[in-house]
Each structure stands twice: as C-alpha cells, then as structure tokens.
Amino acid sequence: MAAGTGSANANVKTLLFANTAWYLYNFRLSLAEALRSQGHEVVLISPADDNAQKLSAAGFRWIEFPFSRKGQNPFQELITIRNLARIYQAEKPDFVHHFTVKCVVYGSLAAKWSGVPRIINAITGLGYVFIGNNVAQKLLRPVILLLYKISLRRTQVIFQNQDDLNQFKEMHLINAGQVSIIRGSGVDVQKFMVTPLPEGCQVVVLPARMLWDKGVGEFVAAARVLIAEGVDARFVLAGDTDEHNPAAIPPATLDQWQKEGVVEWIGWQSDMPAVYASANIVCLPSYREGLPKTLIEAAACGRPLVAVDVPGCREVVIPLETGLLATVRDVPSLVDCLRSLLSDREGQHRMGANARHLVENEFSTTRIVAETLSVYSKLQGDGKTK
C-alpha cells in the first residue's frame, strides 16, 4: 500500500505514546502531522507537562496518562500497565508507536493484552539502567532485559544507530526481520539555519537536560582546566533539570558552578537556533545516545561539534570533518578536544560547513519522516506485526 495516499488510510487510528508531552512535541510532532496528512486519526498519550497544550493547539487529541518514570514497585507498575491497556481497549487503534524505554515495555505489554494489531517500538537510546554500573542499575538490568524480551516479540523495532541494534541482537532480544534503522527524529533544516560564527570571546555550549550521564560533570571539569590555562572562552549549559530522572543534577549544584564562574547555566531555552547562533562550538560529552538531536540541530546551524566516541554521537561527529571525539568520561581527553578546536578558527568554519552538509543529506525531517512512514506502510500491507 502506498505511503502517500490519504484515502487509503481513512479510518486508521494511530496512538503515539511517550514519557513526556515535551518529547512528543519536540521530537515527534512532524511525524504526527505527516500521519494526519495521510488520513490517520492521530492520538497522543503522555503524562502532563507544559507542552500538552501545544499538542492540543496543533490540533491533536491528547490523553493524559500519568505514571512514574522512577517507579519500581511491581504492583504499582502492573496497575500502570493495566490502566494503559484500558486506554488501548477503549481507543481500539490500528497502530501504536512507543518511544523511550518504559513506554516501549509497558506500551507493548498493554497493546498485546488489548489485541492491538500493529505495534511499533522506537529504541531512542538504552536508557539510564544500561549506562551506569551502580548497584541499583546492576540489579534492574536483568529485569529490564527480560521485559524487553517479552515486550519486543511480534513488534516492529526501530533503532537510531547500528550499535544499539547490534547490542540487542547479541542479547537475543530481536531478530533481523523485525528491525530497521532510522537515524533520529529529524531536524527542520529551514528552521535551523547557518549563521556566522561569533567573533571575540568564544562560546562553548552544552545543550541538554542537566543529567550526569550527559557528561555535564566532565564538561564543567574541562571548563575549569581551560579557564585556569587562560583560554578566552565562556562555557554555557543550556537545558533544564529533570527531577524525574535518577541521573538528574541538583539545581543547587548547577547554581554553585555558576557562582564559581566556571559555567553559565541559562536553563531551558525556547529559541534554540539563537542559542546555537551564539556559540562557536557545541559540545555534548554524553555517555551514550540513541541519536542526539541537539548535535544534529547544532550541525544544521553550521556549528563544529565536540562529543565523545560512543553510540549515537559518532553518527554525527565525524572526526576532523564535522568535529572532534573525546574519550568517554575522560576529562583530559575532552580538554584536549576543546582546546584544539578553540584554537582553530579556520577548522571551526570548515567543520561547521561539513556538519551542515551532513544534516541536509542524512538527518532532515523530510527524510526521517518519510523513512518512518515506510514502516507504517509495510505493516499496513503485511497485516499484524509478527
């Protein structure tokens, strides 16, 4: 069945489920709009936050579904799955599409319980449990693996990078016939445009939620070293805290760093193109990513990138072409990369131009949405997910 014919999708209902309305609005609105343009009735499901009204304003029906992203009480979690299943049973969707770890697991279990015929799961990163090695993470990991194994059966699974796909194959969680790779959620290349690199005191921006596993601690430590060396640069943290994430950095810690004069914490910003326009370099020393949208946005704006050599980041940062890659959790390595790029204005311009070219060819919203719609088209032709 052709993916571009709205009449073929008349009376098709699709539910998109994520752990925040913020995620749906910032990462999947273009997909929702494309599905609607093809005739799907699109319903969005998430806990409430400030972005829920924006989803409604965009013309979508939004269903509030509160649940704890930190919840570990098995009885409460079973109640959560049952409540989600009740929504699925009431809505009777033809497709459900789940994003983020807990939504993938709980959504798939609820969908199977409810008899939803087509289930799409987007693995947008391995999540907190797989990144670190503290006691809680080690204890939870086998449980999550078992839940993944159960929930991913007879679903279509979309990965954002080859590394995550390979790891799931090695853990025998998927088979080759049920997977595809779609590199991220896409970036609007008309919104994120190239602007000239600033002159004068250089600015290095880390755009992310303020989480330890985004490498914020390493970024601050690197800033301390470079400032002590007399490097003429400002180091800026652009992003909000996330109190529901176990890796959240306390606001008091962020405030203290700012009082020390090591970094500037500007919090959440509604105008990210302006943030990138103010930067000479965009840095994300994250421990692991699915496909980091902030790096793609910065690349679209013609900014050279510094990240670490981990899955997701290495999809965007090509060493000496679009930026530099440091070793993960290694402050001296990050210092070396930042120092090198800060001292190379010509390299900044060259890598920034290459980064823009990469996004135009590989990561535009138009391309990513088209690839995602092809998954829907295939499932619609095949019938139920297998």
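Procedures and definitions
Residues numbered from 1 in each chain as written. Predicted model: local features only at pLDDT ≥ 70, side-chain atom pairs only at ≥ 80, totals over all residues. Heavy atoms only, no water. 1 Å grid on protein atoms, 1.4 Å probe; cavity = no way out; pocket = protein on both sides within 12 Å on 5 of 7 lines; lining within 4 Å. Points joined across faces, edges and corners; volume = space filled by probe spheres on them. Core = buried A, V, L, I, M, F, W, Y, C linked by side-chain atoms within 4.5 Å. Buried < 20%, exposed > 50% of the residue type's maximum accessible area, 1.4 Å probe, protein only. Contact = heavy atoms within 4.5 Å. Pairing = 2+ DSSP bridges. Helix = DSSP H or I, 4+ residues; strand = E, 2+ residues; numbered from the N terminus. Axes fitted to C-alpha atoms, helices over the stretch in contact; angles between N-to-C directions. Phe/Tyr/Trp six-rings, centres within 6.5 Å; stacked < 30°, edge-to-face > 60°. Lys NZ or Arg CZ within 6 Å of the ring centre and 35° of its normal. Salt bridge = Lys/Arg side-chain N within 4 Å of Asp/Glu carboxyl O. Expected span 1.5 Å × (residues − 1).

Caption draft 1: Structural detail: empty space enclosed by the protein. Following the criterion strictly, the structure yields three cavities of 30 Å³ or more and no others. Quantified by volume, the largest cavity comes out at close to 60 Å³. If you trace the largest cavity, you find it lined by Arg28, His97, Ala122, Ile123, Thr124, Ile158, Gln160, Ile182, Gly184 and Thr372.

Caption draft 2: Local environment of the nonpolar core. In terms of nonpolar packing, the biggest core is built from 62 residues, with Phe235, Leu237, Val263, Leu295 and Leu338 touching the most fellow members. Every residue in contact with valine 263, bar those within four places of it in the chain, is listed here: Phe219, Val220, Ala223, Phe235, Leu237, Trp257 and Gln258. With 32 residues, the next largest nonpolar core counts Ile63, Cys103, Val116 and Leu173 among its residues.

Caption draft 3: Representation of the sheet that holds strand 1 (residues 13-17) in the model. Spatially, seven strands are ordered 3-2-1-4-5-6-7 in an open sheet, and the strand pairing comes out parallel. Looking at which strands have only one partner, the edges of the open sheet turn out to be strand 3 (61-64) and strand 7 (179-181). Neighbour to neighbour, the strand axes of the sheet diverge by 20 degrees on average, direction disregarded. Together, strand 1, strand 4 (95-99) and strand 5 (118-123) form the strand contacts of helix 5 (residues 101-114), whose direction differs from that of strand 4 by roughly 155 degrees.

Caption draft 4: Quick peek at the packing of aromatic side chains. Counting across every chain of the model gives twelve aromatic pairs. Ring centres of phenylalanine 65 and phenylalanine 67 lie 5.9 Å apart, and the angle between their planes is 40 degrees; on these two criteria the pair is classed as tilted. The pair phenylalanine 65 / phenylalanine 67 is uniform in exposure class, with both members buried. Between the aromatic rings of tryptophan 212 and tryptophan 257, the centroid separation amounts to 5.9 Å while the plane-to-plane angle is 85 degrees, which identifies the pairing as edge-to-face. Separated by 45 residues along the polypeptide, tryptophan 212 in the loop between strand 8 (202-207) and helix 9 (216-228) and tryptophan 257 in helix 10 (residues 251-260) bring together distant segments of the chain. Sitting above the plane of the tyrosine 287 ring, arginine 329 keeps its charged end 3.9 Å from the centroid.

Caption draft 5: Up close: the pattern of salt bridges. Taken as a whole and judged by the stated rule, the model has 18 salt bridges. We note a salt bridge from arginine 314 to aspartate 163, for which the minimum N-O separation is 3.1 Å. Note that arginine 314 is positioned in helix 13 (residues 313-316) and aspartate 163 in helix 8 (residues 162-170), a separation of 151 residues in sequence. The partly exposed category is assigned to arginine 314, whose relative accessible area is 32%. The salt bridge partner of arginine 183 is glutamate 315, with a shortest N-O separation of 3.4 Å. Here the residue arginine 183 occupies a position in the loop between strand 7 and strand 8, and glutamate 315 occupies one in helix 13, the gap between them amounting to 132 residues. For glutamate 315, a relative accessible area of 17% translates into the label buried. One connected set of salt bridges, linked through shared partners, spans Arg183, Glu315, Glu362, Arg367 and Glu371.

Caption draft 6: Looking closely at helix 9. Taking 1.5 Å per residue as the helical rise, helix 9 with its 13 residues ought to reach 18 Å, and the 18 Å between its terminal C-alpha atoms agrees with that figure. Among all positions in helix 9, only Val216, Glu218, Phe219, Val220, Ala222, Ala223 and Leu226 are buried.

Caption draft 7: Spatial organisation of the pairing of strand 1. Here strand 1 lies mainly inside the structure; five of its five residues are buried. Of the two faces of strand 1, the one carrying Lys13, Leu15 and Phe17 and the one carrying Thr14 and Leu16 are both buried. Of the strand pairs in this sheet, strand 1 and strand 2 (residues 41-46) are connected by five bridges, and their pairing is parallel. Each bridged residue has a counterpart across the sheet, and for leucine 16 the counterpart in strand 2 is leucine 44. For strand 1 and strand 4, the ladder comprises four bridges, and the chain directions are parallel. Among the inter-strand pairings, leucine 15 is bridged to a residue of strand 4, identified as valine 96.

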